[in-house]
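Chain residues, written in single-letter form:
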Amino acid sequence: MDPFDAGAGGILRQPKAVWATAGASVVAFMGIGLVDPILPSIAKGLDASAGQVSLLFTSYFLITALAMLVTGFVSSRIGGRKTLLLGLAFVVVFAGLAGTSDNVGQLVGYRAGWGLGNALFVSTALAVIVGAAAGGSAAAILLYESALGLGMACGPLLGALLGDASWRYPFFGTAFLMAIGFLCISAFLKEQPKPARKTSLLDPVRALGHGGLASAAVSAFFYNYTFFTVLAFTPFVLNMTPYKSGAVFFAWGVLLAVFSVLVAPRMQRRFGSLKVLGGSLVLLAADVLVLGYGNHTAAVVCTILSGAFIGVNNTVYTELALGVSDAPRPVASAGYNFVRWFAAAAAPYFAPKIEEWTDVHIPFVVAAVTAVLGAAVVAVRRRALTHDAQELEPKHAAEDSVTVFAD
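Parameters at a glance
- Residues numbered from 1 in each chain as written.
- Predicted model: local features only at pLDDT ≥ 70, side-chain atom pairs only at ≥ 80, totals over all residues.
- Heavy atoms only, no water.
- Axes fitted to C-alpha atoms, helices over the stretch in contact; angles between N-to-C directions.
- Helix = DSSP H or I, 4+ residues; strand = E, 2+ residues; numbered from the N terminus.
- Parallel < 35°, antiparallel > 145°, perpendicular 65-115°, else oblique.
- Left-handed = near helix turned anticlockwise from the far one by under 90°.
- Contact = heavy atoms within 4.5 Å.
- Nonpolar A, V, L, I, M, F, W, Y, C, P; charged D, E, K, R; others polar.
- Phe/Tyr/Trp six-rings, centres within 6.5 Å; stacked < 30°, edge-to-face > 60°.
- Buried < 20%, exposed > 50% of the residue type's maximum accessible area, 1.4 Å probe, protein only.
- Salt bridge = Lys/Arg side-chain N within 4 Å of Asp/Glu carboxyl O.

## Here's the deal with the packing of helix 3 (residues 50-78) against helix 9 (residues 211-238)
Running from amino to carboxyl end, helix 3 crosses helix 9 at an angle of 155°, the nearest separation of the two axes being 10 Å. Of the possible angle classes, the one that applies to helix 3 and helix 9 is roughly antiparallel. Our pair here, helix 3 against helix 9, has a crossing hand that is right-handed. Contact residues: Ala50, Val53, Ser54, Phe57 and Phe61 in helix 3; Phe228, Leu231, Ala232 and Phe236 in helix 9. Residue composition of the contact of helix 3 with helix 9, grouped by class: eight nonpolar, one polar and no charged.

## A word on the side chain of serine 75
With respect to the helices and strands, the residue serine 75 is situated in helix 3. If we skip the residues at most four places from it in the chain, serine 75 touches Gly80, Thr83 and Thr124.

## Concerning the environment of alanine 368
Relative to the elements of secondary structure, alanine 368 occurs in helix 14 (residues 362-380). Taking the C-alpha atoms as reference, alanine 368 lies 6.2 Å from leucine 289; in sequence the two are 79 residues apart.

## Details of the packing of aromatic side chains
Here the structure, examined in full by the defined rule, presents 17 aromatic pairs. On the numbers, 6.2 Å between centres and 75° between planes, the contact of tyrosine 60 with tryptophan 114 is edge-to-face. Of this pair, tyrosine 60 sits in helix 3 while tryptophan 114 sits in helix 5 (residues 104-132); the two residues are 54 residues apart in sequence, bridging distant segments of the chain. For tyrosine 60, a relative accessible area of 1% gives the class buried. Looking at tryptophan 114, the relative accessible area reads 1%, which means it is buried. Aromatic side chains phenylalanine 61 and tryptophan 341 sit 4.9 Å apart centroid to centroid with 20° between the ring planes, which places their arrangement in the stacked category. Pair noted here: phenylalanine 61 is in helix 3 and tryptophan 341 is in helix 13 (residues 329-357), with a separation of 280 residues, a long-range link.

## Side note on the pattern of salt bridges
Under the counting rule described, the total for this entry stands at one salt bridge. Two residues, arginine 206 and aspartate 203, come together in a salt bridge whose shortest N-O distance is 2.9 Å. With arginine 206 and aspartate 203 both in helix 8 (residues 203-207) and three residues apart, this pair spans about one turn of that helix. Overall, arginine 206 belongs to the exposed group, its relative accessible area being 52%. Exposure remark for aspartate 203: the relative accessible area of 8% places this residue in the buried category.

Right, here's the structure in full:
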């Protein structure tokens, strides 16, 4: 069945609860790229270095990674709806406080609190969308990836539009939009049945004992280092006005959305997921090398083009993480994200440091190497990733058939 079919079960015909959760997810993902076009403005406004401002990403994703051990513990005890609302409330409070920061230390701290809220929301949102969506996991994952792509595209645009007046306004804007998301989920999402078994704090770590899931997580770790080198370090290399930088990353986000939702599924059906993932990672490595060594025009073009490879990779990795092991989807997702978000925290910290120790080109060489390492893990662990996913497909199909919640 085509997940884009407008009939019952298609991506366009979903319960209000799904659309409310997906809409709030768009804003949650906007928060990731929101600061991209205003990083130089923040550095200037708070008299901070590029390395200090890059810690906005490091604190955010470090807390996000650690919080992955907590999200399942919390949601299995208070329910998915309350967990979503708790996460949104954290984002509203800490995004608003971020806009009031007087120094970079305060801003980094508030971004950490924002990361905790985002972790509670995003990890639970995928499980809620998969459970509540009509049409099973295929339509649900595409809807989630659509929200991710749209959010990643619109985040830099919102950051540029509001940040041109003041670097503080994008933070206040995010708090306002997330408050709207809070109200929509309060109105449209009914409480879901709690799982029969409560998730412990160590369940996500235990889930990583599965060879296929561990392989997907390690490969995604290397890939995410590349991804967030592009996202967090490139704005300083491009050195453009907020409007121009926002336009570049908006185009980047549009490609990310198109390739994650429209192109990746078709490529997977034709070539197979692992071939598509391996090829995309190698092409991403080549792209970031040209980004690092080309002239300014080449850097802009390669930044935008990287969105295509990142979009493909995001879709394939999400499907691998959810389908390769026998762990419940929320637990598998938490374990996978626990590993990969550490790279998202590391890249924004190390890329400026590597530039200080060497020159502006070498951070992109390192990013290219990590992308190739991600592809190498896929190649070496191909049997575990393919064999385990095929064995578990009937089990997860059965799960999808009974995990549907009424509108």
